[in-house]
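# Understanding the architecture of this molecule
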Amino acid sequence: MSEPEVDEYLRSEILQAIALDHRFRHDDLHVGVLNCIVHLAGKVDSLAMRNALEIMAKQVPGVRGVVNRIEAPGSPSPGRKINLNLKN
């Protein structure tokens, strides 16, 4: 299987797992996979749900990592600034 095919397979596995879990409104979630790294975005009602989605994605065989940018009360801002000044 080529890398894009693997990425699409992983994405479909994660989307299927989310669809089967009735805690999540999957219309508020976005899942992308690139180089076997899962990118999660969207909005959920709690930090517990945000963390559960990340754990769910990590459990799919073949996933190398997860970037969790899901918005939830108490979670870090998905658009937070990163200080790249390496001189300090």
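Relevant structure appears above.
Before going into details, it helps to say that this report is about the structure given with it. (Residues numbered from 1 in each chain as written. Predicted model: local features only at pLDDT ≥ 70, side-chain atom pairs only at ≥ 80, totals over all residues. Heavy atoms only, no water.)

Further remarks concern the sheet that holds strand 3 (residues 65-71). With mixed pairing, three strands are arranged side by side in an open sheet as 1-2-3. Taken across any chain shown, the strands that pair with only one partner, and hence form the sheet edges, are strand 1 (29-34) and strand 3. On average, adjacent strands in this sheet sit at an angle of 10 degrees to one another, irrespective of strand direction. Sheet topology places strand 2 (residues 37-43) next to strand 3; seven bridges connect them, and they run parallel. Bridge pairing in strand 3 places V38 opposite V66. Across the face of the sheet, helix 1 (residues 3-20) comes into contact with strand 1 and strand 2 while running at roughly 155 degrees to strand 1. Together, strand 1, strand 2 and strand 3 form the strand contacts of helix 2 (residues 47-58), whose direction differs from that of strand 3 by roughly 155 degrees. (Pairing = 2+ DSSP bridges. Helix = DSSP H or I, 4+ residues; strand = E, 2+ residues; numbered from the N terminus. Axes fitted to C-alpha atoms, helices over the stretch in contact; angles between N-to-C directions. Contact = heavy atoms within 4.5 Å.)

Side-chain pairs of opposite charge can arise whenever the charged atoms involved come near each other. Applying the stated criterion across every chain yields a total of three salt bridges. For R11, the salt bridge is made with E8, and the minimal N-O distance between the two is 3.8 Å. Highlighted residues: R11 and E8, both in helix 1, separated by three residues, approximately one helical turn. By relative accessible area, R11 is classed as partly exposed at 30%. Among the salt bridges present, the one from D21 reaches R23, with a minimum N-O distance of 2.7 Å. Residue D21 is classed as buried on the basis of its relative accessible area of 16%. (Salt bridge = Lys/Arg side-chain N within 4 Å of Asp/Glu carboxyl O. Buried < 20%, exposed > 50% of the residue type's maximum accessible area, 1.4 Å probe, protein only.)

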